[in-house]
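Overview (structure and organization)
Listed below, chain by chain, are the residues.
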Amino acid sequence: MKKYEKEFISLLKKEGLDNIELYFSDYDTFEEIPLFSRWANIHFLNDIDFDGKNKILIREAIELVSNILKEAPDYLGEQFNEYFICVSITNWEDIEDINCITPNIYVSKRKTWLLSHLTMEKKNSYEEDLIDSYLSSLGLNEYVSYVAHNFGKESRRVYIVNKKFFPIN
């Protein structure tokens, strides 16, 4: 996967994701920032099969979140206790057309409020099971996937959460 490190650095710059301030801005409730805005921006992964591509995208998204989380205490100070960041996976209805999942960086400075309205739970859905299989094969056992009822609505969005920093009951 290090084979694509240069391309991902370029992707982060192209998407503006190398701007650390982006992850600590004052959003009303939360923000969901896509890892890539256009399928063409990940063209360098075209020669990889579906599962391989998804594993690379998940690893890169989690690495980005981990790096942001390391910086968060210095940026946020006391506000760090109310900071939430994870990877969300969306656009499940498009995975066959685009031949990959769509990772996002999901951030909020209102963790208590957000988690009270975003009821995350394990449902053993197809989406969760797929993501959990990728996490396991990547050795990312400190992460777990959840689906959520987003503000009372059923969602196909999957959240990949670091159990150490954001334990969900």
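Residues numbered from 1 in each chain as written. Predicted model: local features only at pLDDT ≥ 70, side-chain atom pairs only at ≥ 80, totals over all residues. Heavy atoms only, no water.

**Quick look at the layout of surface pockets**
The probe, sized like a water molecule, is rolled over the atoms to show the empty space still left. Estimated volume of the largest pocket: approximately 270 Å³. What lines the largest pocket is a set of 15 residues, and nearest its centre among them are Leu12, Glu60, Glu63, Leu64 and Asn67. Listing elements by their share of the lining of the largest pocket, those giving two or more residues are helix H1 (5-15) and helix H2 (50-76). Counting residues per element, the lining of the largest pocket draws most heavily on H2, at six residues. Classifying every residue of the lining of the largest pocket by side-chain character gives nine nonpolar, one polar and five charged. (1 Å grid on protein atoms, 1.4 Å probe; cavity = no way out; pocket = protein on both sides within 12 Å on 5 of 7 lines; lining within 4 Å. Points joined across faces, edges and corners; volume = space filled by probe spheres on them. Helix = DSSP H or I, 4+ residues; strand = E, 2+ residues; numbered from the N terminus. Nonpolar A, V, L, I, M, F, W, Y, C, P; charged D, E, K, R; others polar.)

**Points about helix H5 (residues 126-137)**
For H5, with 12 residues, the first-to-last C-alpha span of 17 Å sits near the 16 Å given by 1.5 Å per residue. Considered for burial, the residues of H5 that qualify are Glu127, Glu128, Leu130, Ile131, Tyr134 and Leu135. When H5 is viewed along its axis, its buried side chains cluster within an angular range of 165° and face the same direction. Immediately downstream of H5, the backbone of glycine 139 shows phi near 75°, a positive value. (Expected span 1.5 Å × (residues − 1). Buried < 20%, exposed > 50% of the residue type's maximum accessible area, 1.4 Å probe, protein only. Arc of directions from axis to C-beta.)

**Section: the packing of aromatic side chains**
Under the defined criterion, the tally for this structure stands at eight aromatic pairs. An angle of 85° between the planes, with centres 6.4 Å apart, marks the rings of phenylalanine 84 and tyrosine 106 as edge-to-face. With a gap of 22 residues between them, phenylalanine 84 in strand S2 (residues 84-90) and tyrosine 106 in strand S3 (residues 102-108) connect regions that are remote in the sequence. Through a chain of ring-to-ring contacts, the aromatic side chains of Phe30, Phe84, Tyr106 and Tyr159 assemble into a single cluster. If you follow lysine 122 out to its NZ or CZ, it ends over the ring of tyrosine 146, 6.0 Å from the centre. (Phe/Tyr/Trp six-rings, centres within 6.5 Å; stacked < 30°, edge-to-face > 60°. Lys NZ or Arg CZ within 6 Å of the ring centre and 35° of its normal.)

**Structural notes on the side chain of asparagine 41**
Mapped onto the elements of the fold, asparagine 41 is located in the loop between strand S1 (31-34) and H2. With a relative accessible area of 13%, asparagine 41 lands in the buried category. Within polar-contact distance, the side chain of asparagine 41 engages the side chain of glutamate 15 at 2.6 Å. Ignoring any residue separated from it by four or fewer positions in sequence, one finds asparagine 41 in contact with Leu11, Lys14, Glu15 and Phe36. (Polar contact = N/O pair within 3.5 Å; in protein donor to acceptor, adjacent residues only side chain to side chain. Contact = heavy atoms within 4.5 Å.)

**Some remarks on the nonpolar core**
Of all hydrophobic cores here, the largest spans 45 residues; its most connected members are Tyr23, Ile105 and Ile131. Listed by contribution, the elements that provide at least two residues to this core are H1, H2, S2, helix H3 (95-98), S3, H5, strand S5 (143-150) and strand S6 (153-162). Per-element tally for this core: the top contributor is H2, with 11 residues. Not counting residues up to four positions away in its chain, the partners in contact with tyrosine 23 are Leu17, Ile33, Leu64, Ile68, Tyr83, Ile105 and Val107. The next biggest cluster of nonpolar side chains, apart from the first, holds 11 residues, and it includes Tyr106, Leu118, Val144 and Val161. (Core = buried A, V, L, I, M, F, W, Y, C linked by side-chain atoms within 4.5 Å.)

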